[in-house]
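# Residue-level structure breakdown
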Amino acid sequence: MMNIKYKLDYLDQLESESIHILREVAGQFERPALLFSGGKDSITLVHLALKAFRPGKFPFPLVHIDTEHNFPEAIQFRDELAKKVGEKLIVRSVGDTIKQKGLVENRGRFYSRNALQTYTLLDTIEEFHFDACIGGARRDEEKARAKERVFSVRDEFGQWDPKKQRPELWGIYNGRIRQGENVRVFPISNWTELDVWNYIKREKIELPSIYFSHTRKCIVRSGGLLALTDFVYTDADDKIEDRTVRFRTVGDATCTAAVESTANTLDDIIREIEETNISERGATRLDDQTSDAAMEDRKKGGYF
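Residues numbered from 1 in each chain as written. Predicted model: local features only at pLDDT ≥ 70, side-chain atom pairs only at ≥ 80, totals over all residues. Heavy atoms only, no water.

## Thoughts on helix 6 (residues 193-203)
The buried fraction of helix 6 is high, at 8 of 11 residues. All of the buried residues in helix 6 are Glu193, Asp195, Val196, Trp197, Asn198, Tyr199, Ile200 and Glu203. Directly after helix 6, the chain includes lysine 204, whose backbone phi takes a positive value near 55°. (Buried < 20%, exposed > 50% of the residue type's maximum accessible area, 1.4 Å probe, protein only. Helix = DSSP H or I, 4+ residues; strand = E, 2+ residues; numbered from the N terminus.)

## Some points on the sheet that holds strand 7 (residues 214-221)
Across the sheet, which stays open at both edges, the 4 strands sit in the order 8-7-9-10 with antiparallel pairing between neighbours. The open sheet has two free edges, formed respectively by strand 8 (224-227) and strand 10 (259-260), since each of these has just one partner strand. (Pairing = 2+ DSSP bridges.)

## Remarks on the sheet that holds strand 4 (residues 132-134)
Reading across the sheet, the 6 strands line up as 3-2-1-4-6-5 and stay open at both edges, with mixed pairing between neighbours. Two strands bound the open sheet, and with one partner strand each, they are strand 3 (89-93) and strand 5 (151-154). Recorded for the sheet is a direction-independent mean angle of 30° between the axes of neighbouring strands. Taken strand by strand, helix 1 (residues 10-28) contacts strand 1 (32-35), strand 4, strand 5 and strand 6 (182-185), and its axis lies near 40° from that of strand 5. (Axes fitted to C-alpha atoms, helices over the stretch in contact; angles between N-to-C directions. Contact = heavy atoms within 4.5 Å.)

## Quick look at the layout of surface pockets
The space that makes up the largest pocket amounts to roughly 440 Å³. The element contributing the most residues to the lining of the largest pocket is helix 5 (residues 114-128), with 3 residues. Considered class by class, the residues forming the lining of the largest pocket number 5 nonpolar, 5 polar and 8 charged. (1 Å grid on protein atoms, 1.4 Å probe; cavity = no way out; pocket = protein on both sides within 12 Å on 5 of 7 lines; lining within 4 Å. Points joined across faces, edges and corners; volume = space filled by probe spheres on them. Nonpolar A, V, L, I, M, F, W, Y, C, P; charged D, E, K, R; others polar.)

## Structural notes on the side chain of serine 152
With respect to the secondary-structure elements, serine 152 resides in strand 5. We classify serine 152 as buried; its relative accessible area is 0%. Among the polar contacts listed, one links the side chain of serine 152 to the side chain of glutamate 148, at a separation of 2.4 Å. Looking at serine 152, its side chain comes within polar contact range of the side chain of arginine 154, at 2.7 Å. Ignoring sequence-local partners within four residues, the contact set of serine 152 consists of Trp160, Gln165, Asn182, Val183, Arg184 and Phe186. (Polar contact = N/O pair within 3.5 Å; in protein donor to acceptor, adjacent residues only side chain to side chain.)

## Quick notes on the pattern of salt bridges
All told, the structure shown has 28 salt bridges when counted by the stated rule. A salt bridge links aspartate 66 to arginine 78, with the nearest nitrogen and oxygen atoms 4.0 Å apart. On the criterion of sequence distance, the pair formed by aspartate 66 in strand 2 (residues 62-66) and arginine 78 in helix 3 (residues 72-85) is long-range, its members being 12 residues apart. Each member of the pair, aspartate 66 as well as arginine 78, is classed as buried. (Salt bridge = Lys/Arg side-chain N within 4 Å of Asp/Glu carboxyl O.)

Encoded structure:
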């Protein structure tokens, strides 16, 4: 009998690991959720979930914590994809949380609702009794992300302690938690930005148009190019120009900068990423630039 060996390429290996993690979530937790924003990483997670669970339904809903300051292209794509795959989409608004809790929004040059997102996320976890939240964070995004485990335990207050993370040897994931605790799960933690784009190309995954080169009005600042929107803070002396840009990551428009680019195909984007040595968050997320520990501080407070 002929012994045939199949060699998986690196994308097959990453895909297999991620599908295994998603199925572990389904097997170990009672009420998981997949956090879905309409960005490339969460779109990739939905694609992986389709491979993991079809022809059955997802064993979790899609959940978006909406700052109401998102790019309309991403929100439209979010709604269209949820409808296309026929899965439940739960949306909770940071604006509603601000009103209900009487929260005070910071104002100024780097104004963002990202910090307030934590309140809405924790309230949503409590509302639906979620014991695991799946997200698209990756270790290469930012140094605080690199400290995460795939199964990242949060205490009963939603807080993350990097010193209390569990070992994950040989792909064994420990989802045991106490009453009130929950776990943040990162199935593509071991992927890089380039891996995601190569996988998107191979799998022919559709994306919002904002990821590809286009012309739009931008506020030109030393920290980057901010798209001009109704909710972005502007100074009287701000310089506003039409620029040819695309977005490497899609988040709150008040703090997510564009990059100048003429890349309007997947091959162009992949080539562009291969030639850069700056991570997508390092290049475009202005809220991470307010201090060296900005992300880690937000994560300790309950940020995803």
